[in-house]
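# Structural overview
Here is what each chain is made of, one letter per residue.
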Amino acid sequence: MSIRIQGVSKNFGSFQALADVSLDVPSGSLLALLGPSGSGKTTLLRIIAGLEVADRGTVLHHDENITEYEARDRKVGFVFQHYALFRHMTIAENIGYGLRVRGVPKQERQVRVDELLKLIRLDGLGSRYPAQLSGGQRQRVALARALAARPNVLLLDEPFGALDAKVRTELRQWLRKLHEEIQVTSVFVTHDQEEAFEVADHVVIMNEGRIEQVGTPAEVFERPANAFVMDFLGNVNVFHGRVERGRAVVSGLTVAYPDYPHPEARDAAVYVRPHELEVERSPTEAGSLAAKVLHVNPTGSRTKVELRALDSNQLINVELTPERLTELGLKSGDTVHVAPRRVRVFVPDYEI
Amino acid sequence: MASVNRRVLPGFSLTLGYTVFYLGLLVLLPITAVFVKASSLSLHDFLGAVWTERARAAYLLTFGTSFLAALTNVVLGALLAWVLTRYTFPGKRILDALVDLPLALPTAVGGLVYASLYVENGWLGRHLVPLGIRGAYTRLGIVLVLVFVGLPFVVRTVQPVLEDLDPETEEASSSLGATRWQTFAFVILPTLVPALITGFALAFARSIGEYGSVVFISGNMPFKTEIAPILIVARLEEFAYGEATAIAVVLLVISFSMLLVVNLLESWSRRHDR
C-alpha cells in the first residue's frame, strides 16, 4: 500500500520540525528517512503512524485520506528504537497483542504467533519474558509484534540504534531479506548512511525539516543534489575556491565547470570524495595540489592517507588501493601532488 | 587467601551488623517483650483473654475496616497518583504536598475533625444524617479515618512507577489497535500491580495499628465499634497487663502472616522482571 504525504508541517513550540514536506512512498518499497538528529525524520515517521498530529498537510494511504485517523485505526506496524515491549507479557503474548485487542479468537491467534516466531527464528521461546532475551532478539520480537496484524505499512524508528555493531549488521541483512519475502511497504528512520544504503531501495535525505533529495542509494551517492547531501553522505574533502568563465579554481587546481559561463567570479565549494583523488609523485599536467603526507593507515581494504596542502594548510583525506600504495611507497613527511579524478562544484544560491 | 574479601561492594559485615542491631533494638526486642509478657499467662488464661466474644468482634472489626480502607485507598490513591503524574494544572504542587499531610498531622486531630464533621449537626453530618448516612460513632466512621491515614502510602508507592512508565509502550499499544481503555487495562494496570500491592500492604498495616483517630470517631462501643487496640487499652486500664499483651500477640501474629502473604503476592506479581 502506497503512502502519500502532502504539504505536511509540524512545529513544536517555536521549533519547526517539518516544513511543508511532500513525499510519495511507492507500494512495496523499503524507504529510508536519512538525516542528522533534529532533521524531522522521526517526526515525519510518527505523523505517518498517527502518533503525532501534523499542523498542516495530509497523509494518504493508497488514496485514502487518513490524516484524521487515530493511530489504532491506521493499520500501521510501528517498531521503536528501544523495542517498547510489554515487560509483563510473554513473547507470545507480546506478538499476539495486536490480534487480541482486535478480538481475534485465541486459536487463530496462536497459529499466527507460531508462524511469526518461526519467521523471527525464535520458535520455542514464546513463553519467555522480554527481560530474558538479548537486545537483538527483543527487536525481532518487536518487529513480529508489529507485523502480527498484517499492517498495510511497516514503520521503524531507528530500529537498530540500540544494538551493538555486529548484531546491527546481521539484523540489517535480515530485515532486507524479510522485506523481500513479505513485500510490505516499509519506512525506516536512521542517521547512519551506511545503514540506509545497505537496507533501503529508496533513500530520502532530510535536513532542518525539509527533504533535500529523494532517490535510490546510487542516485543519491553519485549525483548529490546539493552541498548538504554531499557533505552528509560521509567523508568528503571540501575545497573553497571560485567559479568563473566555465571553470572552477582552487589554488593551483583548475577544473572545467560549464554550468557557470559568466565572466564575474563567484565563491564556490569544490567537493571531492577521498577515493576520487589521485596521488602522484610529480605535478600533473592538468594541475594538482602539492601536499605533505601526515599519516598512512594501511588497515582495511582501502588505505587511508592523510595529507596537508602546502599552500592552504588544509587537511586532505585520500583513499588508495593497497597496490597503488606499494607502487608509490608513501611514508609520513613525503611531499606529493594530488589531483582529483572527479569533482562536484556547488555554488551557493546557484546549485545545479 | 581465606581472608580476602570477595565481595565487590565493600562494607557488607559492618552494614549487616548495623541492620541486625538496629532491627533487634527497635523491633525485635519490644516484640519479644510482648511475647514474654503474654507467656506469663497459662494457656487457659491466654485463650480466655484472647478468644472472648468481645475480642473476636474487635479483631474482625480491626481487620475488616483496615481491609476495606486499604482497598478504597488502592483505588483512590491510584487515581490521585494518576492525576498528579499525568496532568499539569495550576495548584498541582500544593495538591501534591497535601497528600503527605495525614502523615504529619496527629491522627487524633484527624479523628476529632472527622467526628465533628459527621455528627448530626456537623458540616457534612447535617446533610448526610437525614439521608441515613452516619459517619460519626459508626463502623463507616472508622473506615473513613483509616482511608485518611492510609492514603499517602498508596499514592507515594504508585506515583514513581507511573512516572517511570515508558510512554512508548502506550504508543505501541495504540498503534497495534488498542483503545485507550484496552491500553490501560492490558498495559498500564499490570505494570502498576506490584506497586498497588505494596501500597495496599502499607496502608493495611498502618490501619491495623491505628489508634488515635479511631478512638475519637468510633464511639468505642463493645461488639459494635470497638477495635482491638482500644480493647488493649481497656484491659490496661483494668491493670490486666497479661491479658492486654495476649491480645497484642494475636494482633501481631495475624498482621505478620497477612503481610507475609501480601509480600509473596507482590513478588509473584514481579515474576516477569527476573
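Residues numbered from 1 in each chain as written. Chains lettered and ligands numbered in written order. Predicted model: local features only at pLDDT ≥ 70, side-chain atom pairs only at ≥ 80, totals over all residues.

## Describing the sheet that holds strand β16 (residues 289–297) of chain A
Residue and element names in this part refer to chain A. Counted only if it meets this: A pair of strands is labelled paired if DSSP reports no fewer than 2 bridges between them. Every helix listed is a DSSP run of H or I at least four residues long, and every strand listed is a run of E at least two residues long, numbered separately from the N terminus. With axes taken as lines fitted to C-alpha atoms, and helix axes fitted only over the stretch in contact, angles between N-to-C directions fall between 0 and 180 degrees.
Spatially, β15-β19-β16-β17-β18 is the arrangement adopted by the 5 strands of the open sheet, whose pairing is antiparallel. The sheet is open, and its two borders are formed by β15 (277–280) and β18 (315–320), each paired with just one other strand. The average undirected angle you get between the axes of adjacent strands in this sheet is 45°. Relative to β18, strand β17 (residues 303–309) runs antiparallel, the two being bridged by 6 bridges.

## Describing the UniProt feature "domain: ABC transporter" (unreviewed entry) in chain A
We apply this condition: UniProt positions are given in the numbering used here, feature names are shortened, and annotations may be inferred rather than shown by experiment.
As annotated by UniProt and renumbered to match this structure, "domain: ABC transporter" (unreviewed entry) occupies residues 3–233 of chain A. Structurally, residues 3–233 of chain A comprises 36% helix and 26% strand, and the distance from its first C-alpha atom to its last is 26 Å.

## Looking at the interface of chain B and chain A
Applied cut-off: Two residues qualify as a contact pair if the distance between their C-beta atoms, derived from the backbone, is within 7 Å. Residues are grouped as follows: Ala, Val, Leu, Ile, Met, Phe, Trp, Tyr, Cys and Pro are nonpolar; Asp, Glu, Lys and Arg are charged; all remaining types, including Gly, are polar.
Chain B puts 18 residues into the contact, and the matching count from chain A is 21 residues. For the side of chain B that touches chain A, the secondary structure elements donating two or more residues are α9 (167–175) and α10 (180–209) of chain B. Among the elements that line the side of chain B that touches chain A, the one with the most residues is α9(B), at 6 residues. In terms of residue class, the side of chain B that touches chain A is made up of 5 nonpolar, 8 polar and 5 charged.

## Some words on the pairing of strand β1 (residues 3–12) of chain A
Residue and element names in this part refer to chain A. Two strands pair when backbone bridges link them, and β1 and strand β4 (residues 56–61) are joined in this way by 5 bridges, in the antiparallel orientation. The residue bridging I3 from the neighbouring strand is H61, located in β4. In terms of strand pairing, β1 meets strand β2 (residues 15–25) through 7 bridges, oriented antiparallel. Residue pairing across strands places N11 opposite Q16, the latter belonging to β2. If you look at the hairpin formed by β1 and β2, you'll find 2 residues sitting between the two strands, and G13 has a positive phi there, around 60°.

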